[in-house]
Amino acid sequence: MFQVRKTRTPFQAAIYTCELIFHSAVRAIRNSDRNAVLAILYSILQIMVFVAIFFFFFKILGIRSVPLRGDFLVFLMTGVFLFTTFNKSLSAVTGAEGPTSSMMQHAPMNTAISIAAAMLSTIYIQVLAVFTVFFIYDLAFNPQAFEEIFDPIGCLKMLLLAWICGSSIGLLFLAIKPWAPKFVSILELVFTRFNMIASGKMLVANTLPGSFLYFFNWNPLFHIIDQSRGHAFLNYSPRFTSWEYAVYVTLGCTVLGMLGEFYTRKHASASWTAGK
């Protein structure tokens, strides 16, 4: 009730906001597990299992090589890493604290901090998991795995683009969520499951016929994964995908999501979630 207002400089306000985002990100990481280390280990194990499943699936089918010259497991990992990062960031932002959440009753908290914390917690866990899995592969199975990647910085850029793109689509879902929570939950589930096929993580765009290419070409994740393989493999140059398309989709979804979130924040009522 009685509160002394402190006047902060722009720099102090920025530091204070970053501190709030940091603590909210730690809380978001510990939401899945009380121990943050176990949450990180779970993400690492999930990626390793994902890669192992696809590896044995292709081995059972008798496919041990890809239509590009290079390590087969690097080909698998470039698809799995970006796919999991995209889906994890989308789900994290969609599930972030909205305007009707009880956390918004605290004065420093707002939806922008909640969204930023969800994004930060996701990229922290995913980058750590990706580097850990690749380090284990380099140490135990292929000592020259790092040397075989043509442009590691370019691969890292595509990983960050997958994170931002997934977050932008999640922001769009978050803006709609207070109005139709069940519809958004179903839409998120359908979109992430459909991405198992539409992301093209196990395909090479240059080898697809034109009739099949249209099925994947609308998906920004398909472009990001294919461009990542262009950075990972020296002898592969993507001809039918572009990272610019993913950037345009990201910018469009971000603008629409921010407009929708601003409108929802102004009109949302706490009574919407009172009976839940």
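Our subject is the structure listed above.
Our subject in this report is the structure included herewith. All values derive from a computational prediction rather than experimental measurement.

What follows deals with the overall build of the chain. Scanning the chain for helices and strands turns up ten helices and zero strands. The order of α-helices and β-strands along the chain, N terminus first, is α-α-α-α-α-α-α-α-α-α. Burial analysis of the chain (276 residues in total) assigns 43% to the buried set. The contacts in the chain between residues at least 6 apart in sequence include a share of 73% that link residues at least 24 apart. Here the chain displays about 15,800 Å² of accessible surface, and carbon together with sulfur accounts for 68% of that area.

Right, let's talk about the state of the cysteines for a bit. Under the defined criterion, the tally for this structure stands at zero disulfides. Looking at the unpaired Cys165, the closest cysteine sulfur is the one in Cys253, lying at 6.7 Å.

Another aspect to go through is helix α3 (residues 72-94). For α3, with 23 residues, the first-to-last C-alpha span of 34 Å sits near the 33 Å given by 1.5 Å per residue. Counted residue by residue, α3 has 20 buried out of 23 residues, so it is predominantly covered.

Here we come to the nonpolar core. In terms of nonpolar packing, the biggest core is built from 51 residues, with Leu76, Met77, Phe81, Leu82, Ile169 and Ile224 touching the most fellow members. Taken together, the elements giving at least two residues each to this core come down to α2 (36-60), α3, α4 (111-140), α6 (152-176), α7 (181-198), α8 (210-216), α9 (220-232) and α10 (243-267). For Leu76, the residues in contact, after removing those within four places along its chain, are Val51, Phe54, Phe55, Phe58 and Met202.

A word on the packing of aromatic side chains. Using the criterion set out here, one finds eight aromatic pairs in the structure. Here the aromatic rings of Trp179 and Tyr263 are separated by 6.0 Å at their centres, their planes lie at 25°, and the arrangement is stacked. One end of the pair, Trp179, is in the loop between α6 and α7; the other, Tyr263, is in helix α10, with 84 residues separating them in the sequence. Using a relative accessible area of 43% as the deciding quantity, one classes Trp179 as partly exposed. One residue, Lys201, lies across the ring of Phe83, its end atom 4.2 Å from the ring centre. Positioned over the ring face of Phe75 is Arg229, at 3.9 Å from the centre of the ring.

On to the side chain of Ser228. Secondary-structure assignment places Ser228 in helix α9. Once residues within four sequence positions are removed from consideration, Ser228 is found in contact with Thr78, Leu82, Cys155 and Met158.

A contiguous nonpolar surface patch, about 670 Å² in accessible area, is contributed by Ile186, Val190, Phe194, Met196, Ile197, Phe215 and Trp218. No other element matches the five residues that α7 contributes to the nonpolar patch. Its location among the elements puts Ile197 in helix α7.

In a regular helix each residue adds 1.5 Å, so 18 residues correspond to 26 Å; α7 covers 25 Å between its end C-alpha atoms and thus fits that length. Buried within α7 we find Val184, Glu188, Phe191, Thr192, Asn195 and Ala198. Angularly, the buried residues of α7 cover 125° about the axis, an arc narrow enough to put them on a single face. Residues Lys182, Phe183, Ile186, Val190, Arg193 and Ile197 are exposed on α7 and point more than 90 degrees away from its buried face. Just downstream of α7, Gly200 is the residue with a positive phi angle, here 65°.

Quick look at the packing of α6 against α9 now. Two elements in contact, α6 and α9, have axes separated by 8 Å at closest approach and are oriented at 170°. Here α6 lies roughly antiparallel to α9, going by the angle between them. Contacts from Gly154, Cys155, Met158, Leu161, Ala162 and Cys165 in α6 reach Pro220, Ile224, Gln227, Ser228, His231 and Ala232 in α9. Within the contact of α6 with α9, the residues separate by chemical class into eight nonpolar, four polar and no charged.

On to the layout of surface pockets. Here the second largest pocket defines a volume of roughly 350 Å³. Lining the second largest pocket we find 15 residues, and of these Val130, Ile149, Pro152, Cys155 and Leu156 sit closest to its centre. Those elements that provide at least two residues to the lining of the second largest pocket are α3, α4, α6 and α9. Residues of the lining of the second largest pocket, tallied by class, amount to 13 nonpolar, two polar and no charged.

Structurally, Ser91 is set in helix α3. Here the side chain of Ser91 touches Glu188 through a polar contact of 3.0 Å, side chain to side chain.

Among the structural elements, Ser168 can be located in helix α6. Take Ser168: its relative accessible area is 3%, and that puts it in the buried class. Apart from residues no more than four positions distant in its own chain, Ser168 is found in contact with Thr250, Cys253 and Thr254.

Basis of the calculations
Residues numbered from 1 in each chain as written. Predicted model: local features only at pLDDT ≥ 70, side-chain atom pairs only at ≥ 80, totals over all residues. Heavy atoms only, no water. Helix = DSSP H or I, 4+ residues; strand = E, 2+ residues; numbered from the N terminus. Buried < 20%, exposed > 50% of the residue type's maximum accessible area, 1.4 Å probe, protein only. Contact = heavy atoms within 4.5 Å. Areas by Shrake-Rupley, 256 points an atom, 1.4 Å probe, with all protein chains shown as cover. Disulfide = S-S within 2.5 Å. Expected span 1.5 Å × (residues − 1). Core = buried A, V, L, I, M, F, W, Y, C linked by side-chain atoms within 4.5 Å. Phe/Tyr/Trp six-rings, centres within 6.5 Å; stacked < 30°, edge-to-face > 60°. Lys NZ or Arg CZ within 6 Å of the ring centre and 35° of its normal. Patch = residues over 30% accessible without salt bridge, like charges linked within 9 Å, V, L, I, M, F, W, Y side chains within 5 Å. Salt bridge = Lys/Arg side-chain N within 4 Å of Asp/Glu carboxyl O. Arc of directions from axis to C-beta. Axes fitted to C-alpha atoms, helices over the stretch in contact; angles between N-to-C directions. Parallel < 35°, antiparallel > 145°, perpendicular 65-115°, else oblique. Nonpolar A, V, L, I, M, F, W, Y, C, P; charged D, E, K, R; others polar. 1 Å grid on protein atoms, 1.4 Å probe; cavity = no way out; pocket = protein on both sides within 12 Å on 5 of 7 lines; lining within 4 Å. Points joined across faces, edges and corners; volume = space filled by probe spheres on them. Polar contact = N/O pair within 3.5 Å; in protein donor to acceptor, adjacent residues only side chain to side chain.

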